[in-house]
Amino acid sequence: MKKFIMKALALSEEAYDQIEEVKSLEDFNLELTLKKKVHYCPKCDKETMYVKGYTKRKISHSFLLNRETTIFYNCRRYLCKHCRASFTESNPFTLKDQTKISSYSIISILNDLRPYNSTFSDVARRYHISVSKVVDVFDSYVQIPRKKLSRIICLDEFYFNSHSKYKYAFMIMDFEKKIILDILESRHTQFLNSYFYSIPREERNNVDYVIIDMYKNYCDLASIFFKEASVCVDPFHVVKKINDSLNIVRKRIMRKYNDTHDSKEYKLLKYRYKIILKNRDNINSDAFYYDRILGFHTNENRVLEEILKIDVDLRVAYQLKEMYIQFNDQEELTHNAKKTRIQLESIIEAMETSDIKEFTYCANTLMNWKKEILNSFVWINGRRLSNGPIEGKNNYVKKILSNANGFRNFDRARNRIIFSQNQFEKFSLTKHKKEIKKPGKNRGKYKKKNQKG
Ligand SMILES: [Zn+2]
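Analysis parameters
Residues numbered from 1 in each chain as written. Predicted model: local features only at pLDDT ≥ 70, side-chain atom pairs only at ≥ 80, totals over all residues. Heavy atoms only, no water. Core = buried A, V, L, I, M, F, W, Y, C linked by side-chain atoms within 4.5 Å. Buried < 20%, exposed > 50% of the residue type's maximum accessible area, 1.4 Å probe, protein only. Domains from an automatic or database assignment. Contact = heavy atoms within 4.5 Å. Pairing = 2+ DSSP bridges. Helix = DSSP H or I, 4+ residues; strand = E, 2+ residues; numbered from the N terminus. Axes fitted to C-alpha atoms, helices over the stretch in contact; angles between N-to-C directions. Buried area = accessible area lost by both parts, 1.4 Å probe. Salt bridge = Lys/Arg side-chain N within 4 Å of Asp/Glu carboxyl O. Polar contact = N/O pair within 3.5 Å; in protein donor to acceptor, adjacent residues only side chain to side chain. Nonpolar A, V, L, I, M, F, W, Y, C, P; charged D, E, K, R; others polar. Expected span 1.5 Å × (residues − 1). Phe/Tyr/Trp six-rings, centres within 6.5 Å; stacked < 30°, edge-to-face > 60°. Lys NZ or Arg CZ within 6 Å of the ring centre and 35° of its normal.

- The protein chain goes by Transposase in an unreviewed UniProt entry, where it is assigned to Breznakia blatticola.

Next up, the structure:
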């Protein structure tokens, strides 16, 4: 057992040779002293072997599940006879500035914090140390700097925390490698402006494509800071806008049947609406089932027909939506820039002249974003440009934030998200200087709710 613990204690084999004495106190606790050797005075650099005394240090070294392991280390202090300075000896098993936990434990703690579903408290329990100690270890060794902007970047906001200063944070990702380049505390224009302004112009000018959602602010931002790039809107976001318009039409028609909630029309519009939002290509006409609203055996395709029969506006709106879906779903091999532009223009025209107010509004939006929509018909290694990489991270981010009960500390959350989501993200083994922990607030007096007087 002693040997086993020793092995895990030191990072290198040679450290083992430095150990003078090891006493086994219990199965999992050890007491050890290092060999005496020449040390150099940190002040005057003269050598010394003169021992001033020993202090006993307790080092947490839990490397076995459910077993608390402690090293009692007789830490020697040397005295420099030249300048009278005294200093502690160097040791192979703790990191500088982190004398109470073995370096082996620190590395394991950091690796255990990497999965998106691990929590500070789980890890604390596993290593028999306090939660605040785990947080402290994380803050000290995991501080991830921003990464250089890549050729194709995705920009998008995500919901952070309703209690923090800024509710929405902002993510920058590399489309090709699918790694997070940076996460910013706020999506506010001023905040983003000063961030991108701080990035050297040459670096920004190397960006070829910027992918955004259909927000005017982001478009302005991209055109100011990425002069060489073409700005593209996320195709999923455009499709969502169009589906939203269709859904508004559906609700408007449904209101006509407000007085007859038990009519077939009302029920179909209320409970079967997902079928009209589905792409036509995904409508199933093979599987038959009993539909309770219609009262007969049928398939999805027939239900769709029944819904569209209800109202001519709904039918036209549905056709407009499907026109856009077909246009959007074109493939790389058959893509032709000129044809695509003409197609988009004719869809916009069809929407404008449809006499359906939700879609004339929609036509207006598409008109404003025409260039950025057309720019998004670019395929990189078979993948169409989109904000998909960020969407793909959203669920993990949500999980990380909810596991921590909603991070209050933005920097810590940022490091946590990037550390867990980017493959090959490293931690350092020297402490970072930046203080992540915010100075605590003094607890003020509080009144009990039902206090009288
Ligand atoms: Zn000295």
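Moving on from the coordinates now.
1. Overview of the nonpolar core
- With 65 residues, the main nonpolar core has Phe196, Tyr324, Phe359 and Ile373 as its most contacted residues.
- There are two domains that each give this core at least three residues, and those are domain 2 (152-234 + 385-421) and domain 3 (238-375).
- Residues in contact with tyrosine 324, not counting those within four places in the same chain, are Val238, Val239, Ile242, Leu344, Ile347, Leu366 and Ile373.
- Grouped together as the second largest cluster of nonpolar side chains are 45 residues, Ile101, Leu110, Ile211 and Cys232 included.

2. What about the sheet that holds strand S10 (residues 152-159)?
- Read from one edge of the open sheet, five strands run S12-S11-S10-S13-S14, paired in mixed fashion. In the strand order of this sheet, the two ends are held by strand S12 (179-184) and strand S14 (230-233), each with one partner. Put simply, the sheet's adjacent strands are angled 25 degrees from each other on average, direction ignored.
- Relative to strand S11 (residues 168-174), S10 is paired through seven bridges, and the arrangement is antiparallel. Within S11, the residue paired with isoleucine 153 across the bridge is aspartate 174.

3. Topic: the domain arrangement of the protein chain
- According to the domain assignment, the protein chain consists of domain 1 (2-102), domain 2 (152-234 + 385-421) and domain 3 (238-375).
- Here the C-alpha centre of domain 3 lies 31 Å away from the C-alpha centre of domain 2.
- Contacts between the two partners involve twelve residues from domain 2, matched on the other side by seven residues from domain 3.
- Taking both partners together, domain 2 and domain 3 bury about 760 Å²; carbon and sulfur atoms supply 73% of that area.
- Of all residues in domain 2, the largest losses of buried area upon contact with domain 3 belong to Met214, Val231 and Val233, amounting jointly to 64% of the total for that side.
- Run the count over domain 2 and domain 3 and you get zero salt bridges.
- At the junction of domain 2 with domain 3, the criterion picks out three residue pairs in polar contact (both at pLDDT 80 or more).
- Across the side of domain 2 that touches domain 3, the residue classes tally to eight nonpolar, one polar and three charged.

4. Quick notes on helix H18 (residues 410-421)
- In a regular helix each residue adds 1.5 Å, so twelve residues correspond to 16 Å; H18 covers 16 Å between its end C-alpha atoms and thus fits that length.
- Counting buried residues in H18 gives twelve out of twelve residues, a clear majority hidden from the surface.
- Of all the positions in H18, only Phe410, Asp411, Arg412, Ala413, Arg414, Asn415, Arg416, Ile417, Ile418, Phe419, Ser420 and Gln421 are classed as buried.
- A side-chain oxygen of the first residue of H18 lies 3.1 Å from the backbone nitrogen of aspartate 411; this N-cap is asparagine 409.

5. Quick notes on the packing of aromatic side chains
- Per the stated rule, a full pass over the model turns up 17 aromatic pairs.
- Arranged with centres 5.5 Å apart and planes meeting at 65 degrees, the rings of phenylalanine 160 and phenylalanine 410 form a pair that is edge-to-face. With phenylalanine 160 in the loop between S10 and S11 and phenylalanine 410 in helix H18, this residue pair connects regions lying 250 residues apart in the sequence. Here phenylalanine 160 and phenylalanine 410 have matching classes, each one buried.
- Geometrically, the ring pair formed by phenylalanine 196 and phenylalanine 226 is edge-to-face, given 5.4 Å between the ring centres and 75 degrees between the ring planes. Within this pair, whereas phenylalanine 196 is found in helix H6 (residues 189-198), its partner phenylalanine 226 is found in the loop between helix H8 (216-225) and S14, the two being separated by 30 residues in sequence.
- Given the relative accessible area of 0%, phenylalanine 196 is considered buried.
- Under the relative-accessibility criterion, phenylalanine 226 is labelled buried at 2%.
- Aromatic rings pair up to connect Phe120, Phe138, Phe419 and Phe427 into one cluster.
- When the ring centre of phenylalanine 377 is taken as origin, the NZ or CZ atom of arginine 384, which lies over that ring, is 3.9 Å away.

6. As for the environment of asparagine 415
- Mapped onto the fold, asparagine 415 is located in helix H18.
- On the basis of relative accessible area, asparagine 415 is assigned to the buried category, the value being 3%.
- Sequence separation of asparagine 415 and lysine 370 is 45 residues, and the distance between their C-alpha atoms is 37 Å.

7. So, the pairing of S12
- Along S12, five of the six residues are buried, which leaves the element largely enclosed by surrounding structure.
- Bridge analysis of S11 against S12 gives five bridges, and the strand direction is antiparallel. Looking across to S12, one finds that aspartate 174 is bridged to isoleucine 179.
- Connecting S11 to the next strand, S12, in antiparallel fashion are four residues, including lysine 178 with a positive phi near 55 degrees.

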